[in-house]
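Chain by chain, the residues:
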Amino acid sequence: LLKNTAEQVMTMAGGTNIVRGLTLTVPASEIAGIDTTLSFDWRYEGDNASNGGTFKIQTGNPQYHGYGNATTISSTNTSGRFVFTKKISSTSATFTSLGIRCDNIVGNMIFTNIKLEKGNVATDWSPAPEDTEDYVDDLVYDLQGQIDNKIETHNQTADPSTSWTTTDLKNK
């Protein structure tokens, strides 16, 4: 139910209210009134874990409501798995994204395998269908550019078969 969720890296400099939005792939109204489970892996990288910074999830665009409790970074809590189930009320089901808000963290926060799903059980991460479609679109665009380049080269060469090898074609 979220897009671009494989990995989100956030570099913090001790600031507050730094939010990274994750776009919903369906209108929030479609998940209103049912359990939804948000899960992800997280880790802190830096030298200041004892600073006591926090991160939390909140809805975004237009309102900012909490989605679970804040997690505090400490010298004994620098990585983990976040799992939280919540029933979205129909009155708050107008948001278009979820955000990761980090407060007073100095260093990097890495969030991976982010998944929002219907139901009350967190399952293993898999890419959203929209992410796969974007990947395929990018791949097709790249391949089309390579083909166009080969055609252009062919048009400029009397007999390209005399100079092209299978290895050349694979590498170009």
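Caption draft 1: Up close: the packing of aromatic side chains. Following the criterion strictly, the structure yields 5 aromatic pairs and no others. Where F40 meets F55, the ring centres are 6.2 Å apart and the plane angle is 50°; that geometry is what we call tilted. With a gap of 15 residues between them, F40 in strand 3 (residues 35-45) and F55 in strand 4 (residues 54-60) connect regions that are remote in the sequence. Comparing F40 with F55 shows no difference in burial state: the two are buried. Geometrically, the ring pair formed by F55 and F111 is edge-to-face, given 5.2 Å between the ring centres and 80° between the ring planes. Here the residue F55 occupies a position in strand 4, and F111 occupies one in strand 8 (residues 106-118), the gap between them amounting to 56 residues.

Caption draft 2: How the structure looks around the pairing of strand 4. For strand 4, a buried count of 6 out of 7 residues is recorded, marking the element as mostly surrounded by other parts of the structure. The sheet contact formed by strand 4 and strand 5 (residues 71-72) spans 2 bridges and is antiparallel. When the sheet's bridge partners are listed, F55 is paired in strand 5 with T71. Bridge count for strand 4 against strand 7 (residues 97-103) is 7 bridges, and the pairing is antiparallel. Of the residues in strand 7, the one forming a bridge with F55 is C102.

Caption draft 3: A look at unusual backbone geometry. Positive phi, close to 60°, is recorded for N104, a residue that is not glycine. One can find N104 in the loop between strand 7 and strand 8. In the Ramachandran plot, N113 falls in the positive-phi region, its phi being about 55° despite a non-glycine side chain. Positionally, N113 belongs in strand 8.

Caption draft 4: Geometry of the side chain of S39. Relative to the elements of secondary structure, S39 occurs in strand 3. Residue classification places S39 among the buried residues on the basis of a relative accessible area of 0%. Polar contacts involving the side chain of S39 include one to the side chain of R81, which spans 3.2 Å. Setting aside chain neighbours within four positions, we find S39 in contact with R81, F82, V83, N113, I114, K115, E117, A122 and T123.

Definitions and limits used
Residues numbered from 1 in each chain as written. Predicted model: local features only at pLDDT ≥ 70, side-chain atom pairs only at ≥ 80, totals over all residues. Heavy atoms only, no water. Phe/Tyr/Trp six-rings, centres within 6.5 Å; stacked < 30°, edge-to-face > 60°. Helix = DSSP H or I, 4+ residues; strand = E, 2+ residues; numbered from the N terminus. Buried < 20%, exposed > 50% of the residue type's maximum accessible area, 1.4 Å probe, protein only. Pairing = 2+ DSSP bridges. Polar contact = N/O pair within 3.5 Å; in protein donor to acceptor, adjacent residues only side chain to side chain. Contact = heavy atoms within 4.5 Å.

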